[in-house]
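Fold and contact review
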Amino acid sequence: MVETSKPGKVNSLKHVLFGSLIGTTIEFFDFYIYANAAVLVFPQLFFPSSDTTMATLQSLATFSIAFISRPLGSAFFGHYGDKIGRKFTLVAALLTMGISTVTIGFLPSYASIGVVAPLLLMLCRFGQGVGLGGEWGGAVLLAIENAPPNKRAWYGMFPQLGAPIGLLLSGGTFLLLTDSMNNQDFMDYGWRIPFIASSLLVVVGFYIRTKITETPSFENSKKEHEEVKIPFLTLVKSYKNQLLFGTLASITTFLVFYLMTVFTLSWATSDLGYEKRDFLLIQLFSVLFFAFFIPVSAIVADKIGRRKMLIIATISIAIFGFFFSHFLNSGSTVMVTFFLCTGMALMGFTYGPLGTFLSELFPTAVRYSGASLTFNMAGIIGAAFAPMIAIWLASTYSLTYVGFYLTLAACISLFSLLAISKKEHKF
């Protein structure tokens with residue numbers, strides 16, 4: 001049985017849940033406006049080429065940079081999150097992400113400064129990844145380290161809700177802009193608006209985060225002198241099993257999401273003949289299913305266990321992969337909508353309990369670093385190059401092989417979930 005700490009001072013429920021949700025909402029809004037722009041804007045402005053596919057691939061390559069830099073953010077912010085506290089680290093990660101995002105809104109295009117433009121874009125994308133690498137783990141710990149033992153998945157799903165909310169805000173913003181201005185104005189300056197406007201959200205997030213006190217688990221760990229000198233080295237030495245299998249268990253979550261969003265938006269608008277506006281609307285509708293099934297999965301996970309919930313979701317995704325081409329290539333808007341909604345529902349089922357599951361693999365002294373590293377290393381494997389690999393598979397072979405790609409990843413995650421240590425640690 002897992003011990004439960006009895007803190008003398010706790011955060012209010014309002015601060016815990018809103019503080020964890022608002023930060024990840026802002027972070028994912030920033031992250032997803034880049035994803036939209038990487039498909040709709042950057043190929044033309046930062047990677048001019050006579051070959052449209054090549055320009056898109058170059059743009060998506062910058063998209064992958066953030067996934068490579070996220071583990072660096074996890075290691076850096078995780079170190080200080082485990083050493084000096086969750087609160088300071090959460091604020092620093094938010095500012096890192098926010099400044100990088102706002103700067104993108106002011107970047108000159110390739111036509112103005114040549115090759116320096118995409119280099120600056122890549123630098124800002126790197127900063128986004130570092131910030132998000134530190135943000136996610138801290139937000140999840142803020143929630144679950146304040147949760148009663150029988151409601152950890154429920155508390156832990158609040159920062160996860162930031163993903164669909166951020167996606168709805170970013171997709172809705174791009175849709176509003178493309179509807180309210182002509183294409184020339186949008187390409188000239190309209191696309192910059194959401195990047196610059198995100199500064200307002202960062203101010204709100206900064207204010208909320210400064211109101212948060214340290215989690216009871218971290219305070220108790222300090223009182224009992226459980227801290228370690230270098231969390232990363234302790235993880236590598238003592239928690240290799242959790243790092244390896246936790247990472248592989250999470251790759252399907254990333255892959256299914258970025259296939260349902262970035263890849264399908266790119267493929268449907270360039271190869272299947274859908275208008276960008278029409279397909280964005282379908283995607284935004286499907287995100288509602290993503291948001292709905294996150295709390296549903298958390299409720300189930302608190303009843304049957306986080307690992308069992310993830311195993312069920314992963315098997316379902318493996319089966320879904322076999323129907324990938326059948327629905328997306330159907331030529332029917334109804335079938336494509338059903339396809340996206342089903343994929344996003346499965347995403348909700350796997351994403352809802354994931355943060356709690358990964359956090360429970362590690363003790364308090366290395367939990368920030370451990371949960372963050374497993375999550376963000378999975379991002380490199382499962383998402384960094386997923387849109388490019390999927391486009392290559394679909395172009396070279398067929399959409400059927402994109403589905404096989406998803407099924408293979410799900411099989412790897414399923415094996416990892418079965419192999420991982422079942423031990424839970426004190427909170």
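Note that the structure is predicted; figures quoted are calculated from it, not measured.

Definitions and limits used
Residues numbered from 1 in each chain as written. Predicted model: local features only at pLDDT ≥ 70, side-chain atom pairs only at ≥ 80, totals over all residues. Heavy atoms only, no water. Helix = DSSP H or I, 4+ residues; strand = E, 2+ residues; numbered from the N terminus. Contact = heavy atoms within 4.5 Å. Phe/Tyr/Trp six-rings, centres within 6.5 Å; stacked < 30°, edge-to-face > 60°. Buried < 20%, exposed > 50% of the residue type's maximum accessible area, 1.4 Å probe, protein only. Patch = residues over 30% accessible without salt bridge, like charges linked within 9 Å, V, L, I, M, F, W, Y side chains within 5 Å. Areas by Shrake-Rupley, 256 points an atom, 1.4 Å probe, with all protein chains shown as cover. Salt bridge = Lys/Arg side-chain N within 4 Å of Asp/Glu carboxyl O. Axes fitted to C-alpha atoms, helices over the stretch in contact; angles between N-to-C directions. Parallel < 35°, antiparallel > 145°, perpendicular 65-115°, else oblique. Left-handed = near helix turned anticlockwise from the far one by under 90°. Expected span 1.5 Å × (residues − 1). Core = buried A, V, L, I, M, F, W, Y, C linked by side-chain atoms within 4.5 Å.

For Gly73, the location among the structural elements is in helix H3 (residues 52–83). Separated by 198 residues in the primary sequence, Gly73 and Asp271 have C-alpha atoms spaced 36 Å apart. Setting aside residues up to four positions removed in sequence, Gly73 forms contacts with Gly78, Val130, Gly133 and Gly134.

Applying the stated criterion across every chain, the model contains 32 aromatic pairs. A centroid spacing of 6.0 Å and a plane angle of 75 degrees characterise the contact between Phe174 and Phe186, whose relative ring orientation is edge-to-face. With a gap of twelve residues between them, Phe174 in helix H7 (residues 152–180) and Phe186 in helix H8 (residues 183–190) connect regions that are remote in the sequence. The buried category is assigned to Phe186, whose relative accessible area is 4%. On the basis of an interplanar angle of 65 degrees and a centroid distance of 6.2 Å, the ring pair of Tyr239 and Phe362 is categorised as edge-to-face. Taken together, the positions of Tyr239 in the loop between helix H11 (231–238) and helix H12 (240–270) and Phe362 in the loop between helix H17 (354–359) and helix H18 (364–384) put the pair 123 residues apart, joining distant regions of the chain.

The subject of this paragraph is the environment of Phe322. Its location among the elements puts Phe322 in the loop between helix H14 (306–321) and helix H15 (324–328). Judged by relative accessible area, Phe322 falls into the exposed class, the value being 54%. With 275 residues separating them in the primary sequence, Phe322 and Phe47 have C-alpha atoms 34 Å apart. Non-local contacts of Phe322, meaning those with residues more than four positions away in its chain, are made with Phe404 and Thr407.

To continue, consider helix H10 (residues 216–223). Those residues of H10 lying buried are Pro216, Ser217, Phe218, Asn220 and Ser221. Where H10 is buried, its residues contact H3, helix H4 (86–104) and H18.

The next point concerns a nonpolar patch on the surface. Judged by side-chain polarity, Ile315, Ile319, Phe322, Phe323, Trp392, Tyr397, Tyr401 and Phe404 come together as a nonpolar surface patch covering roughly 860 Å² of accessible area. Elements with a contribution of two residues or more to the nonpolar patch: H14 and helix H20 (399–419). Here Tyr401 shows up in helix H20.

What follows is about the packing of H4 against helix H9 (residues 192–210). As a packed pair, H4 and H9 sit with axes 8 Å apart at the nearest point and diverge in direction by 165 degrees. Regarding the angle of H4 to H9, the classification is roughly antiparallel. Crossing of H4 over H9 shows left-handed handedness. For the pair formed by H4 and H9, the contact residues are Lys87, Leu90, Val91, Leu94, Leu95, Gly98, Thr101, Val102 and Ile104 on the first element and Arg192, Phe195, Ile196, Ser198, Ser199, Val202, Gly205, Phe206, Arg209 and Thr210 on the second.

A few words on the environment of Pro194. In this structure, Pro194 sits in helix H9. Residues Pro194 and Thr337, 143 residues apart in the sequence, show an inter-C-alpha distance of 26 Å. Residues in contact with Pro194, not counting those within four places in the same chain, are Phe29, Ile33, Thr173, Phe174 and Leu177.

This brings us to the pattern of salt bridges. A side chain with one charge can pair with a side chain of the opposite charge if their charged atoms come near. Within this structure, the stated rule accounts for five salt bridges. A salt bridge links Arg306 to Glu360; its shortest N-O distance comes to 2.5 Å. Of this pair, Arg306 sits in helix H14 while Glu360 sits in the loop between H17 and H18, and the two are 54 residues apart along the sequence. Here the salt bridges do not stand alone but share partners, grouping Arg152, Asp302, Arg306 and Glu360 into one network.

To continue, consider H20. For H20, which comprises 21 residues, the first-to-last C-alpha distance of 31 Å matches the rise-based estimate of 30 Å (1.5 Å per residue) to within 8%. The set of residues buried in H20 consists of Leu399, Val402, Gly403, Tyr405, Leu406, Thr407, Ala409, Ala410, Ser413, Ser416 and Leu417.

What follows deals with the nonpolar core. In terms of nonpolar packing, the biggest core is built from 128 residues, with Phe42, Tyr258, Phe263 and Phe324 touching the most fellow members. Ranked by residues supplied to this core, first place goes to H12 with 16 residues. The residues contacting Phe263, other than those within four sequence positions of it, are Tyr258, Phe324, Leu328, Pro387, Ala390, Ile391, Ala394, Leu399 and Val402.

What follows concerns the side chain of Thr350. Inspection of the secondary structure assignment puts Thr350 in helix H16 (residues 333–351). Residues contacting Thr350, with those up to four places away along its chain left out, are Thr253, Leu310, Ala313 and Ile317.

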